Amino acid sequence: MGRFLRIAIVDISGMRKLPADSSISGRMVLINPEITEWDGMVMGREGCLSVPDFTGNVIRAEQIRCTAIDEKGQQREYRCIGYEARAVQHEVDHLDGLLFLDRLVSRRTDLFKRKIYKQKSET
Ligand SMILES: [Zn+2]
């Protein structure tokens, strides 16, 4: 029996524009990630492969700090902004059993049926 690991892979390398200030190259392996700082709240539209038919408005921190072990077993600290910060918060939520549906601004007005499928760069 191994140890229980929480693992998230955040890959935004498919994005046309990577955040300039990003601490990573678009793909990060996060083992036992912990978000340690949240800064600035911003609402954004999110989709999820687990919820293919809907998108929704979710308020997330615009910047975060996150500690995690990387794929080489090194403890690291990341500073993420913008889309990357949103993606990390989304994935860490998954590790905690939460979907963006649990964080909608309003279930009545902030959940949208998808008209077209966009598979790329969803998290
Ligand atoms: Zn998701």
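Everything discussed here concerns the structure shown above.
These figures come from a predicted structure and were not determined experimentally.

About the thresholds
Residues numbered from 1 in each chain as written. Predicted model: local features only at pLDDT ≥ 70, side-chain atom pairs only at ≥ 80, totals over all residues. Heavy atoms only, no water. Helix = DSSP H or I, 4+ residues; strand = E, 2+ residues; numbered from the N terminus. Buried < 20%, exposed > 50% of the residue type's maximum accessible area, 1.4 Å probe, protein only. Contact = heavy atoms within 4.5 Å. Areas by Shrake-Rupley, 256 points an atom, 1.4 Å probe, with all protein chains shown as cover. Donors = N, O, S within 2.8 Å, 3.2 Å for Na, K, Ca; no water. Pairing = 2+ DSSP bridges.

Caption draft 1: Broad picture of the overall build of the protein. For the protein, the count of helices and strands is 1 helix and 5 strands. Overall, the protein shows an N-to-C arrangement of helices and strands of β-β-β-β-α-β. Buried residues in the protein amount to 40% of all 123 residues. Taking all contacts inside the protein whose residues are at least 6 apart in sequence as the whole, residues at least 24 apart take part in 63%. Accessible area of the protein: about 7800 Å², with a carbon and sulfur share of 51%.

Caption draft 2: Seen up close, the coordination of the zinc ion. Donor atoms from the polypeptide that coordinate the zinc ion comprise Cys48 (SG), His90 (NE2) and His94 (NE2), at 2.0 to 2.3 Å from the metal. Look at where the donors of the zinc ion fall in the sequence and you get C-x41-H-x3-H. Taken as a pair, cysteine 48 in strand 2 (residues 27–48) and histidine 90 in helix 1 (residues 82–95) lie far apart in primary sequence, 42 residues in all. Overall, the relative accessible area of 3% leaves cysteine 48 in the buried class.

Caption draft 3: Seen up close, the pairing of strand 4 (residues 75–81). Alignment of strand 3 (residues 51–69) against strand 4, held across 7 bridges, turns out to be antiparallel. By the bridge assignment for strand 4, threonine 67 is matched with glutamate 77. The hairpin turn running from strand 3 into strand 4, its antiparallel successor, is 5 residues long, and glycine 73 in that turn takes a positive phi close to 85°.

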